[in-house]
Amino acid sequence: MTRGPTLPAHHPPQLPRPLDAFNAACATEARALLLRCLHSPRWSHRIAAHRPYPDLDALLAAADEAAYDLSPADISEALSHESLPQLPEDTYSAAHMALDAAHAAYEARFGHVFVIYLGDTAPSETADRILEAIRSRSANDPDEERAIAADELRRLARGRLGTYLRGAGSCATSPNAPTSGR
């Protein structure tokens, strides 16, 4: 039995990946997205200026490098646009009160909001993790805590950027979504 020619395999059209869209965006749009991941104009400008990135790992490495180079003023600006992460809705009011008190003491001691990356924390453990970390880090001297906060900002920015560019929405979809200001 003889068959006719076979048709070429049908391949659905390739949709642009979020990284492709980021690479192709105008500089203003790219910087605006980056500012939602970490509110540092210097950081966002540097990352946007070095596009295109061949893959997500290259972009995340550039984001890390740019975050390590932030000045104390850049870190202060980024911290001023952060807030405590949202607690799960079913968190007891006592946990909210304990967290509010611990955060107030932390902010009075260090002059900025407490930041922590929670990307690998189960929602049911969020309140305990934040409270334990804020109490533990409150014992740090101001210079040591500033360095830890800067590293947490870097981790937050990396997590937010990775979340966005893996196609999950905007930078504000991560567990530690930033606010536009306090």
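Calculation notes
- Residues numbered from 1 in each chain as written.
- Predicted model: local features only at pLDDT ≥ 70, side-chain atom pairs only at ≥ 80, totals over all residues.
- Heavy atoms only, no water.
- Helix = DSSP H or I, 4+ residues; strand = E, 2+ residues; numbered from the N terminus.
- Buried < 20%, exposed > 50% of the residue type's maximum accessible area, 1.4 Å probe, protein only.
- Contact = heavy atoms within 4.5 Å.
- Areas by Shrake-Rupley, 256 points an atom, 1.4 Å probe, with all protein chains shown as cover.
- Phe/Tyr/Trp six-rings, centres within 6.5 Å; stacked < 30°, edge-to-face > 60°.
- Lys NZ or Arg CZ within 6 Å of the ring centre and 35° of its normal.
- Salt bridge = Lys/Arg side-chain N within 4 Å of Asp/Glu carboxyl O.
- Axes fitted to C-alpha atoms, helices over the stretch in contact; angles between N-to-C directions.
- Left-handed = near helix turned anticlockwise from the far one by under 90°.
- Nonpolar A, V, L, I, M, F, W, Y, C, P; charged D, E, K, R; others polar.
- Parallel < 35°, antiparallel > 145°, perpendicular 65-115°, else oblique.
- Arc of directions from axis to C-beta.
- Core = buried A, V, L, I, M, F, W, Y, C linked by side-chain atoms within 4.5 Å.

S.K.: How do you make sense of the overall build of the chain when you look at a structure like this?
M.R.: Scanning the chain for helices and strands turns up eight helices and zero strands. Taking all 182 residues of the chain together, 40% fall into the buried category. Summarising the internal contacts of the chain: among those between residues at least 6 apart in sequence, 68% fall at separations of at least 24. Accessible surface for the chain amounts to roughly 10500 Å². Of this, 55% is attributable to carbon and sulfur atoms.

S.K.: What's the story with the environment of Gln86 in this structure? I'm lost.
M.R.: Its place among the elements puts Gln86 in the loop between helix H5 (72–80) and helix H6 (93–110). Linking Gln86 and Ala127, residues 41 residues apart in sequence, is a C-alpha distance of 9.2 Å.

S.K.: Whenever I open this one, the packing of aromatic side chains confuses me. Can you help?
M.R.: In this description, an aromatic ring pair is defined by two values, namely the gap between the centres and the angle between the planes. Evaluation of the coordinates by the stated rule reveals two aromatic pairs. Between Tyr106 and Phe110, the aromatic rings sit 4.7 Å apart at their centres with planes inclined by 50°, giving tilted as the arrangement. Of this pair, Tyr106 and Phe110 are both found in helix H6, four residues apart, which corresponds to roughly one turn of the helix. The class for Phe110 is buried, based on a relative accessible area of 13%. Following the ring pairs from residue to residue traces out a cluster consisting of Tyr106, Phe110 and Phe114. Its end group placed over the ring of Phe22, Arg51 keeps NZ or CZ at 5.6 Å from the ring centre.

S.K.: How should I be thinking about the pattern of salt bridges in this particular structure?
M.R.: For side chains of opposite charge, pairing can occur when their charged atoms come near one another. With the rule as written, the count across this model stands at eleven salt bridges. Here Asp74 ties to Arg42 by a salt bridge, and the two come within 2.8 Å at their closest N and O atoms. Linking Asp74 in helix H5 with Arg42 in helix H3 (residues 41–49), this pair joins segments that are 32 residues apart in sequence. On the basis of relative accessible area, Asp74 is assigned to the buried category, the value being 11%.

S.K.: Can you help me understand the packing of H3 against helix H4 (residues 56–68) in this one?
M.R.: The description of two helices packed together rests on the angle between their axes and the distance between the axes. Contact geometry for H3 and H4: axes closest at 10 Å, N-to-C directions at 145°. By crossing handedness, the relation of H3 to H4 is classed as right-handed. Facing H3, whose interface residues are Trp43, Arg46 and Ile47, H4 presents Leu59, Ala62, Ala63, Glu65, Ala66 and Ala67. Here the contact of H3 with H4 is built from residues that sort into seven nonpolar, no polar and two charged.

S.K.: Help me understand unusual backbone geometry, please; the structure alone is not making it clear to me.
M.R.: What is expected of a backbone is that most residues other than glycine have negative phi and most peptide bonds are trans. Residue Pro52 follows Arg51 across a cis peptide bond; omega there is 5°. Tracing the sequence through the fold places Pro52 in the loop between H3 and H4.

S.K.: I keep staring at the packing of helix H2 (residues 27–37) against H3 and nothing clicks. Help me out?
M.R.: Put simply, H2 and H3 touch, their axes get as near as 9 Å, and they point 130° apart. As summarised for this structure, H2 and H3 are arranged oblique, according to the angle between their axes. The two elements H2 and H3 meet at a crossing, and its hand is right-handed. Here H2 contributes Ala27, Ala30, Arg31, Leu34, Leu35 and Cys37 to the contact with H3, which in turn contributes Pro41, Trp43, Ser44, His45, Ile47 and Ala48. For the contact of H2 with H3, the per-class residue count stands at nine nonpolar, two polar and one charged.

S.K.: Mind showing me how you'd approach H5 here?
M.R.: The α-helix winds at 3.6 residues per turn, so residues separated by three or four positions along the chain end up facing the same way. Burial in H5 covers these residues: Asp74, Ile75, Ala78 and Leu79. Projected down its long axis, H5 shows its buried positions confined to an angular sector of 135°, all on one face. Turned more than 90 degrees off the buried face of H5, the exposed positions are Pro72 and Ala73.

S.K.: Sorry if this is basic, but what is going on with the nonpolar core here?
M.R.: Across soluble globular proteins, nonpolar side chains have a tendency to be buried as a group. Residues Phe22, Trp43, Ile47, Leu59 and Leu161 are the most contacted members of the largest nonpolar core, which totals 31 residues. Residue assignment for this core shows that the elements contributing at least two residues are helix H1 (18–24), H2, H3, H4, H5 and helix H8 (142–168). The leading source of residues in this core is H4, at seven residues. Aside from chain neighbours lying at most four places away, what touches Leu59 is Leu19, Phe22, Ile47, Tyr53, Leu161 and Leu165. The next biggest cluster of nonpolar side chains, apart from the first, holds 14 residues, and it includes Leu99, Tyr106, Phe114 and Ile130.

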